[in-house]
Number of protein chains: 2
Amino acid sequence: MKIILLLPLFAMVSCSSPKFVEDNTEVGNTFKQAKEEFRNGLNGITYFGDKRPSDEIIDLGTKLFFETRLSQNGTVSCSRCHLPQLHFSDGLEKSRGTEDRQAPRNAQTVLNTAGQFLQHWIGDRESVEAQAIHSFTVKVPFALKDHAELREKLISANYSDLFKKAYHGLDIKKSDPKLVAEKTAFAIGAYERTLVGPARFDDFLAGNITVLDSKELRGLKKFMEFGCSSCHSGELVGGEMFQKFGVAHDYWKFTGSKNVDLGRFLLTKDENDKYYFKVPPLRNVIYTAPYFHDGSVNDLEEAIRIMGKVQLDLDLTKDDISDLKSFLGSLSTKGEYLEKLKVVPNLPHK
Amino acid sequence: MKIILLLPLFAMVSCSSPKFVEDNTEVGNTFKQAKEEFRNGLNGITYFGDKRPSDEIIDLGTKLFFETRLSQNGTVSCSRCHLPQLHFSDGLEKSRGTEDRQAPRNAQTVLNTAGQFLQHWIGDRESVEAQAIHSFTVKVPFALKDHAELREKLISANYSDLFKKAYHGLDIKKSDPKLVAEKTAFAIGAYERTLVGPARFDDFLAGNITVLDSKELRGLKKFMEFGCSSCHSGELVGGEMFQKFGVAHDYWKFTGSKNVDLGRFLLTKDENDKYYFKVPPLRNVIYTAPYFHDGSVNDLEEAIRIMGKVQLDLDLTKDDISDLKSFLGSLSTKGEYLEKLKVVPNLPHK
């Protein structure tokens, strides 16, 4: 609701208000540049394309996201690696799923995740739906044998009626397992697409420049001047391109990584993709330690220092790091949104 | 709030209202007998003894209950086995914790759990606080080496300030690990003591006899007549005594249990305690499958049939089972309470 209400306000500010267009003060210039780098932020953003799925589909997807009974031994749900209490991440270096198997990389928050150009650190999932459908039959998360087993689990966890309600009478007991898996993933994706969590920074981008204090503004300015925003760009402050981790120096010499991860190369086998990873969105970053694809760094200031060094060959000062961190703090989903997004559903029973 | 408000209402009904005392209709008699078996239900019940802990302690305990970062490999929280979305149980035959290790028995819901005479199926925990403090160093759940490791985990998960707020400036960095563990358990217990979830049956016990329909009333009557309530007694419809599972027949011949669990005997080594288990509270039972100490039975009707046979040597008819199940449905925490109890907290960060 609020998102929609902000639209006309934003339109007013960006199109009709001449205040910032003519404003050549430092704040005015920072605002103008920020609009170029991060566009409108999350103001007016929805992740539904032309059509929002029905409430029944979103409700089904919400339950499925929190459902453990679909996994091979009943211990894993989407929310096991994306815990609402940890801003939808899990606090682990690398996630652990069925039978305590370890995932290859760190779990990112699913807050705002649907807005990225691709999913996962190496971009091997095209969408939140693709991520969901793969998770069921991959060994670390749900570890099911096949889509037929998923269908069995859905039936025994009492989801038949909810599928009927969501999908015009679709009877999963009589449906092709692949179709059932697709409908399952679509519903989970529909729920994830609702996880849009605006921050104070979006109020700033809407023209309310007083919401950032002088330290945060200084951090924003440095973030753009140093070149952070050449990769961490767009509404999500990331999530719209791949980039080599280690432009200036090998990352593992600074992160203390236990293994060298070749990144997107593992998928494409293209030498040019070695050490390339998706640039992660920095929204909610202060709440989603540990950092990097392998969760090798716990402290945000240390992560900022490393990024300066290995990406930009900069030795950031303590003040720089402190300012940048302050700016990143303005990217956290506001409490009023977070409280609504953290609602835990009741799961179905007979 | 509501619980307190119900007190004067109940007092009125039970003491001054002559309606049911004089009412010798079937419903009146069922009501009177139910008051003997289940007392006031959850009307007016709190689990705080003389003094409710401060909001700061309860807030700390709420966070700790949902905190995964305290466990050995970061995957286990109290809420892993007591999921709000599954009425604070986990849907598993037997719970699984750190490194996917299996617990010896089924996890019971923690809704209303503090009201039981002892905790766990064999009564080896005296209180919710005793259960909590043991969990940290037992191998299945948190699997920590000792209280010192718990303290380290608390510090690294940024709990120092919250302990200071809750416990008059207590600095966990400088405190004895055992004391820190006790304060941790006290806070978790304080949170669990807030999980009181009244049901329609409590409205009935408060004198509002029309809230149970004729089938539920019939079920209640049979529940008392058949003798179920001789063990499943008191406010929680259970949780106030041990009883042999298999008074009339060996339970494992009916439950399909994979192993024979000797129950409380394992603790006391007293032959008289063989196959004795705590009588579980039946509140929220329709939402907390699978059933029995080993989760050996998935279907509630089947569980009712088995209880009739092995405890009472009764061959319950389909109608009996259906009526009993209807009554059990009236023991579910009402949505208005459940929604409040399912609120997920934000966990602390630096």
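The numbering scheme is per chain: residues are counted from 1 as the chain's sequence reads. Naming scheme: in the order in which they are written, chains are lettered from A and ligands are numbered from 1. Totals for whole chains, interfaces and linings use all residues, but because this is a predicted model, local features are given only for residues with pLDDT of at least 70 and pairs of side-chain atoms are given and counted only at 80 or more. Side-chain measures were taken over the full set of non-hydrogen atoms in the model, leaving aside hydrogen atoms and water.

Student: For the packing of helix H13 (residues 300-312) of chain A against helix H14 (residues 318-329) of chain A, give the residues involved together with the corresponding values.
Tutor: All names here are of chain A. Inter-axis angles, ranging from 0 to 180 degrees, are taken between N-to-C directions of lines fitted to C-alpha atoms, where helices are fitted over the stretch in contact. Put simply, DSSP H or I for four residues or longer makes a helix, DSSP E for two residues or longer makes a strand, and each gets a number counted from the N terminus. Where H13 meets H14, the closest approach of the two axes is 10 Å, and the angle between their N-to-C directions is 115 degrees. As judged from the angle between their axes, H13 and H14 are roughly perpendicular. With respect to the hand of their crossing, H13 and H14 are arranged in right-handed fashion. Residues Leu300, Glu301, Ile304 and Arg305 of H13 form the contact with H14, whose own contacting residues are Ile321, Leu324, Lys325 and Leu328. Oblique is the label for any angle not covered by the other classes, which are roughly parallel (under 35 degrees), roughly antiparallel (over 145) and roughly perpendicular (65 to 115). Left-handed describes a crossing whose near helix is turned anticlockwise from the far helix through less than a right angle; right-handed describes the clockwise counterpart. For this analysis, residues touch if any pair of their heavy atoms sits within 4.5 Å.

Student: Help me get a handle on the environment of Gly295 of chain B, residues and values and all.
Tutor: Residues and elements named next belong to chain B. Within the element layout of this structure, Gly295 appears in the loop between strand S2 (276-278) and helix H14 (300-312). Overall, Gly295 belongs to the buried group, its relative accessible area being 3%. Separated by 26 residues in the primary sequence, Gly295 and Lys269 have C-alpha atoms spaced 24 Å apart. Setting aside anything within four residues of it in sequence, one finds Gly295 in contact with Glu93, Asn106 and Pro290. Only protein chains enter the area calculation, which uses a 1.4 Å probe; residues under 20% of their type maximum are buried, those over 50% are exposed, and those in between are partly exposed.

Student: Help me get a handle on the pattern of salt bridges, residues and values and all.
Tutor: Residues and elements named next belong to chain A. Whenever a carboxyl oxygen of Asp or Glu lies within 4 Å of a side-chain nitrogen of Lys or Arg, that contact is scored as a salt bridge. For the structure on display, the rule yields 58 salt bridges over all chains. Among the ionic pairs, Asp315 bridges to Lys309, the shortest N-O distance being 3.1 Å. The class of Asp315 is exposed, set by a relative accessible area of 63%. A salt bridge links Glu339 to Lys342, with the shortest nitrogen-to-oxygen separation between them at 3.5 Å. The exposure class of Lys342 is buried, given its relative accessible area of 4%. Connected via shared salt-bridge partners are Lys215, Arg218, Lys222, Asp320 and Asp323.

Student: Help me get a handle on the domain arrangement of chain A, residues and values and all.
Tutor: The extent of an interface is frequently quoted as the accessible surface area lost upon association of the parts. Residues and elements named next belong to chain A. For chain A, the assigned domains are domain 1 (2-38 + 199-332) and domain 2 (55-195). If you average the C-alpha positions of domain 1 and of domain 2, the two centres end up 29 Å apart. The interface of domain 1 with domain 2 comprises 26 residues on the first partner and 23 residues on the second. Note on terms: buried area is the combined drop in 1.4 Å-probe accessible area of two parts once they are placed together, counting the loss on both. With both sides pooled, the region where domain 1 packs onto domain 2 buries about 2000 Å², and carbon together with sulfur makes up 58% of that total. These domain limits were set by an automatic method or by a database of domain assignments.

Student: Run through unusual backbone geometry, naming residues and quoting values.
Tutor: That bond from Ala289 of chain A to Pro290 of chain A is cis: its omega, 0 degrees, falls within 30 degrees of zero. Mapping Pro290 of chain A onto the fold places it in the loop between strand S2 (276-278) and H13. Here the phi dihedral of Glu99 of chain A falls at roughly 55 degrees; this positive angle occurs in a residue that is not glycine. With respect to the element layout, Glu99 of chain A can be found in the loop between helix H4 (78-81) and helix H5 (128-137). Here Asn158 of chain B, not a glycine, exhibits a phi torsion of approximately 70 degrees, which is positive. Relative to the elements of secondary structure, Asn158 of chain B occurs in the loop between helix H7 (147-156) and helix H8 (160-166).

Student: Can you explain the packing of helix H10 (residues 214-225) of chain A against H14 of chain A? Please cite residues and give values.
Tutor: All names here are of chain A. Close contact between H10 and H14 brings their axes to 7 Å; oriented N to C, the two are set at 105 degrees. Taken together, the axes of H10 and H14 are roughly perpendicular relative to one another. Together, Lys215, Glu216, Arg218, Gly219, Leu220, Lys222 and Phe223 of H10 and Asp319, Asp320, Ser322, Asp323, Leu324, Ser326, Phe327 and Leu328 of H14 make up the contact between the two elements. In this count, Pro and Cys sit with the nonpolar residues alongside Ala, Val, Leu, Ile, Met, Phe, Trp and Tyr, while Asp, Glu, Lys and Arg are called charged and the others, Gly among them, polar. Residue composition of the contact of H10 with H14, grouped by class: five nonpolar, three polar and seven charged.

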